Amino acid sequence: MGSIELKNVRKDFGAISVINDVSFKVNDGEFTVFVGPSGCGKSTLLRLIAGLEDISSGNILIDGKDVSNVGPAQRGLAMVFQSYALYPHMTVRNNIAFALKMAKQPKNVIDEKVNKAAAILNLTDYLDRRPRQLSGGQRQRVAIGRAIVREPAAFLFDEPLSNLDAALRVQMRLEIGDLHNNLKTTMTYVTHDQVEAMTMADKIVVLNKGAVAQIGSPLELYNKPNGLFVARFIGSPTMNIVSGPAAAKRNAASIGIRPEHVDFSTSAGEWPGKVRIAEHLGADTFVYVDSDAVGPLTVRLEGEAPVKPGQTVYVTPQENRLHRFDRDGKSMA
Amino acid sequence: MARKVSTSRRVAMSAVAWLVALLIFFPILWMFLTSFKTEADAYAVPPKFLFFHWTTENYVEVQSRVDYVLHAINSIVLAVGANIFGLILAIPAAWSMAFSPTKRTKDLLMWMLSTKMMPGAGVFMAIYFIYLRAHLLDSRWGIGFLLMMVNLPIIVWMLYTYFKEIPVDILEAARMDGASLRNEIIYVLTPMAVPGIASTMLLSVILSWNEAFWTLNLANVNAAPLTNMIASFSSPEGDFWALLSAASVLAIAPILIIGWFSQKQLVRGLTFGAVK
Ligand SMILES: Nc1ncnc2c1ncn2[C@@H]1O[C@H](COP(=O)(O)OP(=O)(O)OP(=O)(O)O)[C@@H](O)[C@H]1O
Ligand SMILES: [Mg+2]
């Protein structure tokens with residue numbers, strides 16, 4: 001069992017406050033993703049939970065027990081590092097077995113667990129190799145294997161896929177998803193990748209400058225961002241933000257409309273503009289429009305839209321999909 | 001490094017490499033050849049390369065004049081001893097500077113290196129008189145201690161750069177895996193540090209082996225290493241090239257053999273941990 005609860009957690013490095021009064025709860029078995037811009041404190045937060053950094057104030061509870069002053073090994077968590085952090089001088093088998101050896105488990109139990117983990121992760125043929133003789137994806141699997149055998153209360157992943165190429169990333173993303181479905185263990189996952197966050201998470205924690213901007217399911221964040229920051233951060237391509245008369249007409253300081261939530265026409269509509277570039281992705285077409293009235297807009301059209309640069313087009317936001325923000329950038333009802 | 005290299009280019013590169021290697025090796029080869037010549041052949045103009053009267057009389061002469069075994073043992077004792085005690089001091093020092101640096105760590109390292117910039121002659125008188133009063137002249141302990149101190153800054157620096165290369169992530173992973181500090185050191189840190197320590201050890205042995213300034217000035221007979229022995233053959237009666245060569249060959253033979261068998265470590269050591 002592994003619920004994780006943070007209560008008013010702060011972390012200062014010298015005079016710099018990196019984590020600022022963060023509170024939230026991860027329920028047992030949940031897949032939680034931390035997202036946020038570079039340097040916002042995602043890794044630091046994960047390392048605080050792991051116990052690799054000491055918190056400056058506040059409390060961290062695992063399964064309801066305060067572990068703020070407990071060492072990393074005793075917290076019963078397993079971490080998968082971005083750099084994999086495999087032991088270079090040990091074989092894959094010994095890498096995976098290391099934690100079990102440290103826990104002084106009997107040899108036959110260790111062998112059994114290692115073999116089982118290797119089978120799950122397709123590593124059986126590589127058990128006698130050393131990390132440097134493996135591909136990036138295989139190294140990543142070893143890192144995960146090392147975490148699995150400990151049967152931790154929760155897994156902590158820090159951008160585990162960021163060193164892999166796009167195709168392998170998709171594959172490993174699915175494998176981690178399967179793993180979560182099979183083990184049903186709490187997983188906490190840091191990523192930069194929109195798609196990873198949206199597809200894997202039960203719950204997303206959006207961080208901004210060391211503070212929680214919003215917590216919710218992927219669709220909650222997509223449909224009901226609580227402010228400009230989350231609205232811009234979640235969703236790809238980014239939401240269009242418009243201020244000025246178009247927003248004033250709707251009683252807001254600014255309004256936001258996602259590229260996929262506009263009506264697009266070559267004859268009539270609310271915001272006229274000229275096509276700057278059209279990106280044809282096959283399944284979708286992204287059209288970048290320069291509008292004199294409201295500035296640059298991004299439009300996402302399904303399929304292969306026959307749009308040419310320089311063409312005059314009209315963009316009309318779908319009223320029921322419109323997001324309204326007040327002067328402070330907060331969402332309005 | 002999977003670059004394609006054309007054959008002609010490879011041949012040219014090999015030729016240059018051989019040339020450079022030969023150039024560097026030539027003095028040693030010449031010394032080796034000279035050590036088997038008679039003094040007359042050694043002075044012959046034009047020089048005789050291979051076709052001379054081979055003789056081992058120089059080696060016999062060296063043996064009769066000096067106690068080669070004593071000097072060789074001294075060299076080994078001094079180099080190895082200075083090395084062992086040096087490592088005992090340097091490993092923890094470099095370790096703590098690499099893994100828990102403070103604000104002053106960089107300054108400290110620079111300061112240690114700066115001591116190498118001072119010529120030994122600058123402190124010679126002070127050390128000579130200290131050694132004289134403390135009855136450490138011509139003692140293995142005294143000379144060994146000095147050699148250790150002379151090399152310590154370099155050893156600490158070298159170990160520091162090696163330890164710095166060990167990724168902190170891996171140590172943290174071990175911590176997460178439940179390794180106690182002791183197990184972390186035994187099973188994770190030490191195995192990763194061993195290549196660096198080995199290279200450092202080698203370089204340190206070679207530096208001590210070749211040290212001449214301090215040993216010539218502070219040691220006479222009992223603690224005199226092979227460098228002193230060579231020096232004793234460049235004698236007041238004039239230079240005997242063949243004899244001197246034989247003494248030199250004997251002096252460098254042990255270190256050449258060690259060097260030959262540990263080339264890989266040595267190259268790593270000399271590049272100061274810069275090449276992985
Ligand atoms: N040991 C440290 N000493 C001082 N400042 C630190 C330390 N570790 C992190 N920081 C600072 O804390 C902030 C958050 O760092 P953190 O690594 O948590 O960011 P992140 O969200 O993981 O970024 P990224 O997405 O680039 O990995 C950064 O501004 C960083 O400079
Ligand atoms: Mg990070």
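Everything below is about the structure printed above this text.
Notes on the structure in this doc start here.

Here is what the cut-offs are and how they apply
- Residues numbered from 1 in each chain as written.
- Chains lettered and ligands numbered in written order.
- Predicted model: local features only at pLDDT ≥ 70, side-chain atom pairs only at ≥ 80, totals over all residues.
- Heavy atoms only, no water.
- Helix = DSSP H or I, 4+ residues; strand = E, 2+ residues; numbered from the N terminus.
- Buried < 20%, exposed > 50% of the residue type's maximum accessible area, 1.4 Å probe, protein only.
- Contact = heavy atoms within 4.5 Å.
- Areas by Shrake-Rupley, 256 points an atom, 1.4 Å probe, with all protein chains shown as cover.
- Near = heavy atom within 4 Å.
- Polar contact = N/O pair within 3.5 Å; in protein donor to acceptor, adjacent residues only side chain to side chain.
- Axes fitted to C-alpha atoms, helices over the stretch in contact; angles between N-to-C directions.
- Parallel < 35°, antiparallel > 145°, perpendicular 65-115°, else oblique.
- Left-handed = near helix turned anticlockwise from the far one by under 90°.
- Nonpolar A, V, L, I, M, F, W, Y, C, P; charged D, E, K, R; others polar.
- Phe/Tyr/Trp six-rings, centres within 6.5 Å; stacked < 30°, edge-to-face > 60°.

### Notes on the overall build of chain A
Within chain A, the regular secondary structure consists of 9 helices and 18 strands. Along the first, second and third principal axes, the C-alpha set of chain A runs to 75 × 45 × 35 Å. Per-residue burial over chain A gives 50% buried out of 333 residues. The contacts of chain A with a sequence gap of at least 6 include a subset with a gap of at least 24, amounting to 62%. Roughly 15200 Å² of accessible area belongs to chain A as shown, and the carbon and sulfur atoms make up 49% of that amount.

### Comments concerning the site of ligand 1
All names here are of chain A. Residues in contact with ligand 1, as listed here, are Phe13, Val18, Ser38, Gly39, Cys40, Gly41, Lys42, Ser43, Thr44, Glu159 and His192. Taking His192, its side chain carries an N or O atom lying 3.3 Å from an oxygen atom of ligand 1. Considered on its own, ligand 1 offers 630 Å² of accessible surface; in the complex 58% of this is hidden by protein. By residue number, the principal contributor to the shell around ligand 1 is helix 1 (residues 42-50), which donates 3 residues.

### So, the packing of helix 8 (residues 168-176) of chain B against helix 9 (residues 181-210) of chain B
Residues and elements named next belong to chain B. Axis separation between helix 8 and helix 9 bottoms out at 10 Å; the angle between their running directions is 160°. It follows that helix 8 is roughly antiparallel to helix 9 by the angle criterion. Where helix 8 crosses over helix 9, the handedness of that crossing is right-handed. Of helix 9, the residues touching helix 8 (which contributes Ile170, Leu171, Ala174 and Arg175) are Glu184, Val188, Leu189 and Met192. Within the contact of helix 8 with helix 9, the residues separate by chemical class into 6 nonpolar, no polar and 2 charged.

### Let's talk about helix 2 (residues 92-102) of chain A
In terms of burial, helix 2 of chain A is largely enclosed, as 8 of its 11 residues are buried. Of the residues making up helix 2 of chain A, those classed as buried are Val92(A), Asn95(A), Ile96(A), Ala97(A), Phe98(A), Ala99(A), Leu100(A) and Met102(A). At its buried positions, helix 2 of chain A is contacted by helix 3 (107-120) and helix 4 (136-148) of chain A together with helix 8 and helix 9 of chain B. Downstream of helix 2 of chain A by one or two residues, Lys104(A) has phi in the positive range, about 55°.

### As for the packing of aromatic side chains
All names here are of chain B. For the coordinates displayed, the defined rule picks out 21 aromatic pairs over all chains. Ring plane angle 70° and centroid distance 5.2 Å describe the contact between Phe32 and Phe36, whose orientation is recorded as edge-to-face. Residue Phe32 is classed as partly exposed on the basis of its relative accessible area, which comes to 38%. For the ring pair Phe124 and Trp214, a centre distance of 6.2 Å and an interplane angle of 40° mean the geometry is tilted. Highlighted residues: Phe124 in helix 6 (residues 121-133) and Trp214 in helix 10 (residues 213-218), separated in sequence by 90 residues.

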